[in-house]
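Summary of the model geometry
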Amino acid sequence: MDPKTTDWSKLDFSYKYVPYRFHSYWKDGAWDNGKLTTENKLLIDEGAVCLHYGQEIFEGMKAQRSKDGRIRLFRPYENARRFNESAWRLLMPEIPEDRFIDAIKQTLLANEEYIPPYGTGAAMYIRPFMLGVGENLGVKPAKEYQFIVFVTPVGPYFKEGFNPISLKVETYYDRAAAHGIGQAKAGGNYSASLLPLKNAQDEGFNEVVYLDPIHHKYFEETGASNVFFVLKDNVIATPKSESILNSIVRRSVMDVAREDFGYRVEERQVSVDEIDTFLEAGACGTAAVITPIGCLGYEGKRYKFYADGKEPGPITTQLYKHLTALQVGDIEDTRGWLEEVC
Ligand code: PLP
Ligand code: COI
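Residues numbered from 1 in each chain as written. Chains lettered and ligands numbered in written order. Predicted model: local features only at pLDDT ≥ 70, side-chain atom pairs only at ≥ 80, totals over all residues. Heavy atoms only, no water.

What about empty space enclosed by the protein?
Enumeration according to the criterion identifies three cavities of 30 Å³ or more in this entry. Each pocket or cavity is described by its volume, and for the largest cavity that value is around 50 Å³. Along the wall of the largest cavity there are 14 residues; nearest its centre are Ile293, Gly294, Tyr306, Glu311 and Gly313. For the lining of the largest cavity, the secondary structure elements donating two or more residues are strand E15 (280-285) and strand E16 (289-298). Per element, the largest residue contribution to the lining of the largest cavity is three residues, and it comes from E16. Residues belonging to the lining of the largest cavity are distributed by class as follows: eight nonpolar, four polar and two charged. (1 Å grid on protein atoms, 1.4 Å probe; cavity = no way out; pocket = protein on both sides within 12 Å on 5 of 7 lines; lining within 4 Å. Points joined across faces, edges and corners; volume = space filled by probe spheres on them. Helix = DSSP H or I, 4+ residues; strand = E, 2+ residues; numbered from the N terminus. Nonpolar A, V, L, I, M, F, W, Y, C, P; charged D, E, K, R; others polar.)

The structure is reproduced here in C-alpha cells:
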C-alpha cells in the first residue's frame, strides 16, 4: 500500500505489507537483542513445535493518532502481562515487559508514515507473537523461540462498523475446554473456532458466541471478542469464565461504565435463559472495539434487542463514544491508560 494515496477511512481489517517488523530469537535460556527487518517471510524447521503441536501465542493491540498527531498505545503493559501469562500456560519463555513494549515502539516508529491519521476511524493494528521453533518431532516444548511484532493499518473488524451484527449462540461446538487454553491467547483456540464460524456465516450470522464447555448454558465470548449485555435498571452483565480471554477492552469499558457513568456492572455467569431480558448487547475487544449485537440466534429462534436489532442501543453507543474518544486522546486520560510512542 502507498500511504500517500490511501483512503484511510475505507480500510478493512486485513493484512497489508508495511516495510518493517521486529524479530528476536530465544536460545539457550536468553533472548537476543532483536532487530528490525523488512523480511516478512519466515524460514523455520519443518518439525517446529508451533507447526505440529500449536505452540504459538499472540497479542492484538492498536496504536492511534491523537488530534495533534501524537501516537499512543492503549494499556500496552496489560498486553505484555497477558502475553507472559499465555507463555506460562504453553511452556514458552517469558519476555520482559519493557522489551515487549520497546519492540512495539521500534516497529511503529519505523513504519510511522503508515499509521492512519486522526479522525479516519482507522488504526495501526499490532500483532506480537511467539513461535516454538527448531528441529523437533515428539510432543514436547521447543528448545528455541521466535518473537515477532508486525503491524498493519486496519479499519473495522466487522464491515458493519458501528452497526448491529448478529451472532449465533453455538450450542454444539466449544471454542475452549474448561481447563484448557481458553484464557491464553493461543492460536489453537482460534483454529477451533473456524468451523463453527463458517457454519454460522453460512446460516447468515456474522459471528458465533460460545457457551460454557461444561453445561452449555452460560455465555462465554465470541471467536474474537468478549461480550456484555445491558439489562434493566442500568445493569450491565458480562460473562465470568475461566475459559475466556481476559479482555483488556472489556475491563476498561466496564470500569468506565461503573465509575464514570454509574452503571451496575455484574461480572458473573450469564445464562442463556436470560436472553429475553437483554435490552442491548455488545462485543468488545481490540479489533471489535465495541460492536453492537442486534440479534442472537438461539435454538432456531432470533432474539432481537434495541430497535428490533436494527440500531445500536443508547448505552452501547455511550460506551463506544467514550472508549473511542479516550483511545485517541479526545478526552482526558485520568487513569493513565495511554502510553505515548511519540
Ligand atoms: N476474546 C478473544 C477470543 C479475542 O481474540 C479478543 C481479542 O483480543 C478479545 C476477547 C478481546 O481482548 P482485548 O480486549 O484484550 O483485545
Ligand atoms: C484482537 O482483537 O486483537 C484480536 O486478537 C482479535 C483477532 C483474533 C482478530
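Some words on the state of the cysteines
For the coordinates displayed, the defined rule picks out zero disulfides. Here Cys284 stays free of any disulfide, with the sulfur of Cys295 as its closest cysteine sulfur at 19 Å. For Cys295, a relative accessible area of 7% corresponds to the buried category. (Disulfide = S-S within 2.5 Å. Buried < 20%, exposed > 50% of the residue type's maximum accessible area, 1.4 Å probe, protein only.)

Observations regarding unusual backbone geometry
With glycine set apart, most residues show a phi of negative sign, and most peptide bonds adopt trans. Phi is positive for Asp233, which is not a glycine, with a value near 60 degrees. You can see Asp233 is positioned in the loop between strand E12 (226-231) and strand E13 (235-239). Owing to a relative accessible area of 63%, Asp233 belongs among the exposed residues under this scheme. In this model, Val289 sits at a positive phi of 55 degrees, which is unusual for a non-glycine residue.

Details of the site of ligand 1
Taken together, 17 residues surround ligand 1, and among them Arg82, Tyr190, Glu221, Ser247 and Thr286 come closest. A distance of 2.8 Å is found between an oxygen atom of ligand 1 and a backbone nitrogen or oxygen belonging to Ile248. One of the side-chain nitrogen or oxygen atoms of Thr286 is found 2.5 Å away from an oxygen atom of ligand 1. Bound to the protein, ligand 1 loses 97% of the 380 Å² it would expose on its own. With respect to the detected pockets, ligand 1 is housed in the second largest pocket. Those elements giving two or more residues to the shell around ligand 1 turn out to be strand E11 (219-222), helix H5 (248-259) and E15. Residue composition of the shell around ligand 1, grouped by class: six nonpolar, seven polar and four charged. (Near = heavy atom within 4 Å. Polar contact = N/O pair within 3.5 Å; in protein donor to acceptor, adjacent residues only side chain to side chain. Areas by Shrake-Rupley, 256 points an atom, 1.4 Å probe, with all protein chains shown as cover. Sits in = over half its atoms within 2 Å of the grid points.)

Notes on the pattern of salt bridges
Per the stated rule, a full pass over the model turns up 24 salt bridges. Here Glu160 makes a salt bridge to Lys159, at a shortest N to O gap of 3.0 Å. Note on Lys159: relative accessible area 76%, which makes it exposed. Across the salt bridge formed by Glu274 and Arg268, the nearest N and O atoms sit 2.9 Å from each other. For Glu274, a relative accessible area of 18% translates into the label buried. Since its relative accessible area comes to 24%, Arg268 is described here as partly exposed. (Salt bridge = Lys/Arg side-chain N within 4 Å of Asp/Glu carboxyl O.)

Things to note about the domain arrangement of the chain
A common way to state how big an interface is: give the accessible area lost once the parts meet. According to the domain assignment, the chain contains domain 1 (8-154) and domain 2 (165-327). Across the domain 1/domain 2 interface, buried area totals approximately 1,600 Å², and carbon plus sulfur atoms make up 59% of it. Summed over the three residues of domain 1 that lose the most area to domain 2, namely Phe58, Phe74 and Arg82, the buried surface amounts to 38% of that side. Taken together, the links from domain 1 to domain 2 amount to one salt bridge. (Domains from an automatic or database assignment. Buried area = accessible area lost by both parts, 1.4 Å probe.)

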